[in-house]
Amino acid sequence: MTALLTIFVLVLVAIAIWQMTKIFELSQVKAKSDKGEVANDEDNKYNGYLMFAFLIFIYGLTIFSFWKYGKFILPEAASEHGGTYDNLMLWSFVIIFIVQTLTQALLHYFSYKYRGRKGQKALFYADNDRLEFIWTIIPVIVLAGLILWGLFTWTDIMDINDEDDPLIVELYAQQYNWTARYGGTDNVLGDANVRMIDINRANVLGLDESDPNASDDIIVKELHLPVGRKVNFKMRSQDVLHSAYMPHFRAQMNCVPGMITEFSFTPTVTTAEMRMKPEVIEKVERTNKVRAERAAAGEPNSDPWEFDYVLLCNKICGKSHYNMQMKIIVESQEEYEAWIEYQQTFAHTMAANN
Ligand SMILES: [Cu+2]
């Protein structure tokens with residue numbers, strides 16, 4: 001890697017020297033004659049056509065990207081607020097796309113139309129009130145609309161309250177893994193602080209043993225969520241800034257050392273249901289094809305893959321940041337209860353380690 005970078009830097013230095021020599025040469029010939037160096041009508045026409053060629057190139061690139069990379073977008077949102085969020089995003093992109101397509105066409109067309117021609121003098125246009133009014137008022141209305149819509153959506157999504165009896169789950173981030181904690185039968189998380197972490201006794205999250213709410217807390221390495229029930233997440237970080245990112249639920253919240261941040265959502269699609277969606281089936285097939293090729297070549301990371309929701313870290317928090325993840329399973333209420341029943345409580349873990 002270092003060798004590659006050194007070669008890259010040397011190539012760049014060589015290009016810089018070559019360019020500088022060219023500039024020096026050009027500055028020398030200027031004095032001799034300015035006949036051959038000034039663009040004539042033929043040159044300008046040629047450049048005008050090149051403008052059109054470039055326009056076709058960027059449109060072509062856009063179509064190519066849609067065709068080639070369109071399949072990499074996330075599947076349909078698996079949370080209650082996800083649809084509203086996706087809608088806002090879709091409309092913002094549609095507007096940007098239309099404006100960009102039109103303005104690029106106009107920009108390149110006018111560059112051609114008003115190319116340099118002998119004897120042609122540019123028209124000086126001081127101002128036009130009506131034109132300026134139109135190109136000011138349209139963006140004002142569109143942008144104000146998008147911002148207001150965004151603000152309402154944001155307020156709606158970020159309204160974290162304890163109505164509808166939400167499930168309380170703590171997401172604990174540290175370099176480089178996630179731990180989840182459930183409130184247990186009382187659905188209340190016990191107090192915790194990094195200063196109370198006791199690795200020897202497996203008190204990995206620093207729970208306060210004297211807090212009665214802590215004894216029935218359940219600490220796990222795999223997040224199980226019952227479908228249709230609101231979940232209030234409380235995030236903590238042990239060391240540096242992390243970010244809890246659950247892309248399929250359109251959720252992300254920073255985890256900041258020394259404070260508790262919150263996010264709330266209601267999962268609407270179970271893992272099993274998600275695995276049956278055509279776009280997910282296609283993605284799994286595509287990925288496993290690549291993995292089969294890797295396996296045939298004897299390369300690592302080639303085990304067949306099955307779709308699962310994930311919690312990822314979305315802040316570059318160190319060298320293994322890329323692999324900081326936890327599996328999320330959305331299931332029926334019964335399946336969730338059956339699972340949680342078999343998890344050890346904090347009091348049990350402490351008793352076992354005493
Ligand atoms: Cu991280």
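Keep in mind that what you see is a predicted model, and the values were worked out from it rather than measured.

A. Highlighting the pattern of salt bridges. For the structure on display, the rule yields 13 salt bridges. Its salt-bridge partner being aspartate 308, residue arginine 275 comes within 3.1 Å of it at the nearest N-O pair. Placement of arginine 275 in helix 5 (residues 271-275) and of aspartate 308 in the loop between helix 6 (278-296) and strand 9 (309-313) is noted, with a sequence separation of 33 residues between them. Since its relative accessible area comes to 27%, arginine 275 is described here as partly exposed. The class of aspartate 308 is buried, set by a relative accessible area of 15%. Between glutamate 299 and arginine 294 there is a salt bridge, and its shortest N-O distance comes to 3.8 Å.

B. Looking closely at the coordination of the copper ion. Donor atoms from the polypeptide that bind the copper ion are His242 (ND1), Cys313 (SG), Cys317 (SG) and Met324 (SD), placed at 2.0 to 2.7 Å. In this structure, the copper ion is surrounded by four donor atoms whose angles at the metal cover 93 to 123°, and the resulting shape is tetrahedral. Sequence spacing of the donor residues for the copper ion, all on one chain, is H-x70-C-x3-C-x6-M. Here cysteine 313, found in strand 9, pairs with methionine 324, found in the loop between strand 9 and strand 10 (325-331); they are 11 residues apart in sequence, far enough to count as distant.

Basis of the calculations
- Residues numbered from 1 in each chain as written.
- Predicted model: local features only at pLDDT ≥ 70, side-chain atom pairs only at ≥ 80, totals over all residues.
- Heavy atoms only, no water.
- Salt bridge = Lys/Arg side-chain N within 4 Å of Asp/Glu carboxyl O.
- Helix = DSSP H or I, 4+ residues; strand = E, 2+ residues; numbered from the N terminus.
- Buried < 20%, exposed > 50% of the residue type's maximum accessible area, 1.4 Å probe, protein only.
- Donors = N, O, S within 2.8 Å, 3.2 Å for Na, K, Ca; no water.
- Tetrahedral: all angles 85-135°; square planar, octahedral: opposite > 155°, others 65-115°.

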